[in-house]
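Fold and geometry: a report
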Amino acid sequence: MLRFLAARIAMLVAALATAALVIFLVLEILPGDPAAAMLGVSATPETIAALRAELGLDQPAARRFLRWLAGLVTGDLGLSYAYRVPVGGLIGERFGVTLPLAVLAMLLAAGIGIPLGVAAASRANTRLDAVLMGVSQLGLAIPNFWFGLLFVLIFSIGLGWFPSGGFPGWSAGPGPALHALILPALALALPMAAVLARITRSAVIEALGEDYILTARAKGLSRAEALVRHALRNALIPVVTILGLQFSFLLTGTVVVEGVFALPGLGRLLIQAIGGHDLMLIRSLVLMFAGAAMAVNALVDIAYGLLDPRMRPA
Amino acid sequence: MIIVENLSIRLGELEIVRGLSFTLAPGEVLGLVGESGSGKSMTALAVLGLLPPGMRASGSIRFEGQDLLRLSERELRAVRGRRIGMVFQEPMTALNPVMTIGAQIAEGVIRHGLADAAGASKRALRLIARVGLPDPAARLHAYPHELSGGQRQRALIALAIACRPALLVADEPTSALDVTVQAELLALLREIRDETGMAMLFITHDLAVVSRLADRTLVLYGGRAMETGATRALLAAPRHPYTHGLLAAIPRGNAHANPLRPMPGQVPELDRLPPGCPFFGRCPKGDALCRDVPPPPVPGASIAWCHRPEAAP
């Protein structure tokens, strides 16, 4: 298992380095001079050249790429062209909003979707099953930002239970921060939970039809025991696959939902960076998103090994 | 010990098994023989109360002073695995792929309160050794995919006998395996029967397997009994034309001296059976009486449900 872990982490690092190279090259090819953009129309060629030297843009591309790679390790990612502050600090600050938001959304999605899917499967083709699957169909059809607007209307403006937007930061402790994150996390989680419920239902129904369930029943286990002890773990394998795939979409989702709830997260930062041609910021942010998706994929692979002994390396 | 009387299994209008009766004494092996679709597997599941949804059993299955068909689900759970063990046909799929062999054997023992986790694990280790798996300590922590088909079937036998049941129901336990592995497993089952005195309901399509293991044999066709009797007598001088046909279809010895005679026709659909004998239509002796009137049991060296049984020699 340890060798498997080491191999998987080495693969992750290699994938990250490749992603970094691709991102760097693409941004290199794109037209537009950041120094000219920063100085505006009244800039003279001399001042532009001076700024290019100051930003290190006059250096060869290979050297700038290596400096960026080294910066990824040390945290020195250069200055944001637009904000004129270190990119590392900017990302770190926003990361403290988006990571908890994404993790909370994943937990809510799994916590809602998987039990509902199991409930529907254990009562397959009954009224409960039909109701649950009908509701999940609705969850699939409604986009997360619409849930966000609906929640703001009901729970913030109507009932006043949650703030309608903004983020108090973590300095006041986890209480107020989590309070501000619950509605956006729920808006992100519901469409994911709908997918998870449907996948879980079909995976559990399939597992319940396997021969080993009959073996378990013949031992004297009840239907419910056979479901929990034998069917569920086998059914979780496809569910984990979907969960991993959903994480990539979740990152895109944060871009929209952070906008709806006025959260100072990575998603909004990315939108602003793209709007301001802030290449320094864009390349690190894009790599950040790519890295998060890759890390979750690595976690999914490790989860496979834990769930299914057939996928463990011999 | 187990007395099955007039067992019928229905799926809606369809009668999968009709009016089946048999008994089994402690330590006795009864071979239930039939082609696929003869209702033999459903009979096994009915004994455990595990018929698929929609199927209904009627009649009675008396076992240790109770009628299994009239027990509640909770009462049945106390019997399943504890008093009646079951071995299924497909060793490749009948074990849970994500659980160790040891845990799967121990689970029933713990479930029936015969031992705590540590005691059940020790018992699983003994059982793994008893069914002849090499290196039992390693097998205890092995997963099913690390075992061969024959080894998995041994593990399934260990699982089925873990609580020392009085009756073992085995549904084609050797059919998916090589002939040599088959012979080893049959020998193992016979040994276990001799040691424990447990009775066995052995379901198979293979008369050769029956001849090696079963004291008595019951031949099924279209969900109905065709012939029953002591295995030796029944195989030496079959009285029902169907049993006769089954025997003639077994390859043996010199192909020139004993040409293989496959039975003509196919197993009919259950909803297209004639009102009389289900074998009418494939039977070389069938006439109008066979078509219209269900045959009565005719006693002799064996009992044959046939209007035109072979005379006892």
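Basis of the calculations
Residues numbered from 1 in each chain as written. Chains lettered and ligands numbered in written order. Predicted model: local features only at pLDDT ≥ 70, side-chain atom pairs only at ≥ 80, totals over all residues. Heavy atoms only, no water. Helix = DSSP H or I, 4+ residues; strand = E, 2+ residues; numbered from the N terminus. Contact = heavy atoms within 4.5 Å. Areas by Shrake-Rupley, 256 points an atom, 1.4 Å probe, with all protein chains shown as cover. Lys, Arg positive; Asp, Glu negative; His and termini not counted. Charge placed at Lys NZ, Arg CZ, Asp CG, Glu CD. Expected span 1.5 Å × (residues − 1). Buried < 20%, exposed > 50% of the residue type's maximum accessible area, 1.4 Å probe, protein only. Arc of directions from axis to C-beta. pLDDT = per-residue confidence, 0-100. Pairing = 2+ DSSP bridges. Axes fitted to C-alpha atoms, helices over the stretch in contact; angles between N-to-C directions. Salt bridge = Lys/Arg side-chain N within 4 Å of Asp/Glu carboxyl O. 1 Å grid on protein atoms, 1.4 Å probe; cavity = no way out; pocket = protein on both sides within 12 Å on 5 of 7 lines; lining within 4 Å. Points joined across faces, edges and corners; volume = space filled by probe spheres on them. Nonpolar A, V, L, I, M, F, W, Y, C, P; charged D, E, K, R; others polar. Core = buried A, V, L, I, M, F, W, Y, C linked by side-chain atoms within 4.5 Å. Patch = residues over 30% accessible without salt bridge, like charges linked within 9 Å, V, L, I, M, F, W, Y side chains within 5 Å. Buried area = accessible area lost by both parts, 1.4 Å probe. Polar contact = N/O pair within 3.5 Å; in protein donor to acceptor, adjacent residues only side chain to side chain.

Moving on, we come to the overall build of chain A. A tally of regular secondary structure across chain A gives 12 helices and zero strands. In chain A, the succession of helices and strands from N to C terminus is α-α-α-α-α-α-α-α-α-α-α-α. Over its C-alpha atoms, taken along the principal directions, chain A stretches across nearly 85 × 55 × 35 Å. Look at the contacts in chain A between residues 6 or more apart in sequence, and 70% of them connect residues 24 or more apart. Accessible surface for chain A amounts to roughly 15,400 Å². Of this, 71% is attributable to carbon and sulfur atoms. Of the charged side chains in chain A, 21 are positive and 16 negative, and the gap between their average positions amounts to 10 Å.

Residue and element names in this part refer to chain B. With 18 residues, helix H7 (residues 179-196) should reach 26 Å at 1.5 Å per residue; the first-to-last C-alpha distance of 26 Å fits that figure. Regarding H7, the residues found buried are Gln182, Leu185, Leu186, Leu188, Leu189, Ile192 and Arg193. Down the axis of H7, the smallest arc covering the buried residues is 160°, so these residues share one side. Of the exposed residues in H7, the ones pointing more than 90 degrees away from its buried face are Thr180, Asp194 and Glu195. The inward-facing, buried residues of H7 contact strand S3 (29-33), helix H4 (117-130), helix H6 (149-160), strand S7 (167-171), strand S8 (199-204) and helix H8 (207-213). Note on H7: the residue one or two positions beyond its end, Gly197, has a positive phi of about 70°.

The predicted model of chain A averages 84 in pLDDT, with 99% of residues at 70 or higher. Across chain A, the element-wise mean pLDDT spans from 71 in helix H2 (residues 34-39) of chain A up to 94 in helix H9 (residues 211-218) of chain A.

Let us now look at the sheet that holds strand S5 (residues 66-67) of chain B. Residues and elements named next belong to chain B. In spatial order, the strands read S2-S1-S4-S5; together these four strands make up an open sheet with antiparallel pairing. With partners counted over all chains shown, the strands left at the sheet margins are strand S2 (14-24) and S5, one partner each. Where strand S1 (residues 2-11) meets S2, seven bridges bridge the pair, whose relative direction is antiparallel. Bridge pairing in S2 links Ile9 to Val17. Where helix H1 (residues 40-48) meets the sheet, it contacts S1, S2 and strand S4 (55-63), and its direction lies at approximately 115° from that of S1.

Take the side chain of Thr231 of chain B next. Within the secondary structure, Thr231 of chain B is located in helix H9 (residues 231-236). Judged by relative accessible area, Thr231 of chain B falls into the buried class, the value being 4%.

Tallying each qualifying case throughout the model produces 24 salt bridges over all chains. Taken together, the shared-partner salt bridges connect Arg217 of chain A together with Glu73, Arg77 and Arg80 of chain B into one network.

Considering all chains together, one arrives at two cavities of 30 Å³ or more under this definition. The volume enclosed by the largest cavity comes to roughly 80 Å³. Along its surface, the largest cavity is lined by 13 residues, and Ala218 and Lys219 of chain A together with Gly81, Leu159 and Ala160 of chain B are the ones closest to its centre. In terms of residue count, helix H3 (residues 101-111) of chain B provides more of the lining of the largest cavity than any other element does, four residues in total. For the lining of the largest cavity, the residue count by class is eight nonpolar, four polar and one charged. Empty space within the second largest cavity amounts to approximately 60 Å³. For the second largest cavity, the full set of lining residues is His240, Cys277, Phe279, Phe280, Cys283, Lys285, Cys290, Pro295, Cys306, His307 and Arg308 of chain B.

Residues and elements named next belong to chain A. For Ser284, the position within the fold is in helix H12 (residues 279-307). With relative accessibility at 3%, the residue Ser284 sits in the buried group. Not counting chain neighbours up to four residues away, the residues in contact with Ser284 comprise Trp68, Leu77, Val87 and Ile91.

As a further point, take the pairing of S3 of chain B. All names here are of chain B. Counted residue by residue, S3 has five buried out of five residues, so it is predominantly covered. Here S3 shows a buried face lined by Val29, Gly31 and Val33 and a second buried face lined by Leu30 and Leu32. Inspection of the sheet shows S3 paired to S8 by five bridges, in the parallel sense. Across the sheet, Val33 pairs through a bridge with Thr204, a residue of S8. With four bridges connecting them, S3 and strand S9 (residues 216-221) associate as parallel partners.

In this section: the nonpolar core. Judged by nonpolar contacts, the single largest core of 92 residues is most densely connected at Val47, Ile84, Ile105, Leu167, Val169, Leu201 and Phe202 of chain B. Among the elements that line this core, the one with the most residues is H6 of chain B, at six residues. The contacts of Val47 of chain B, once residues within four sequence positions are left out, are Ile2, Ile61, Leu68, Ile84, Leu167, Val169 and Leu201 of chain B. Judged by nonpolar contacts, the second largest core, of 77 residues, contains Leu27, Phe65, Tyr81 and Met106 of chain A.

Right, let's talk about a nonpolar patch on the surface for a bit. Residues and elements named next belong to chain A. A contiguous nonpolar surface patch, about 540 Å² in accessible area, is contributed by Leu153, Ile154, Ile157, Leu159 and Trp161. With respect to the secondary-structure elements, Leu159 resides in the loop between helix H7 (144-158) and helix H8 (174-208). Judged by its relative accessible area of 44%, Leu159 is partly exposed.

Buried accessible area, meaning the area lost when the parts come together, often serves as the stated size of an interface. Facing the 26 residues of chain B at the interface are 20 residues of chain A. Across the chain B/chain A interface, buried area totals approximately 2,100 Å², and carbon plus sulfur atoms make up 58% of it. The largest per-residue losses of area from chain B upon contact with chain A belong to Pro97, Val98 and Glu107 of chain B, which jointly make up 26% of the total buried on that side. Here chain B and chain A share four salt bridges between them. With its nearest N and O atoms 2.9 Å apart, the salt bridge here joins Arg217 of chain A to Glu73 of chain B. Joining chain B to chain A, the criterion identifies 14 residue pairs in polar contact (both at pLDDT 80 or more). Mapped onto the side of chain B that touches chain A, the elements with two or more residues apiece are helix H2 (73-79), strand S6 (84-87), H3 and H6 of chain B. If you tally residues by element for the side of chain B that touches chain A, the top one is H3 of chain B, at four residues. Within the side of chain B that touches chain A, the residues separate by chemical class into 13 nonpolar, seven polar and six charged.

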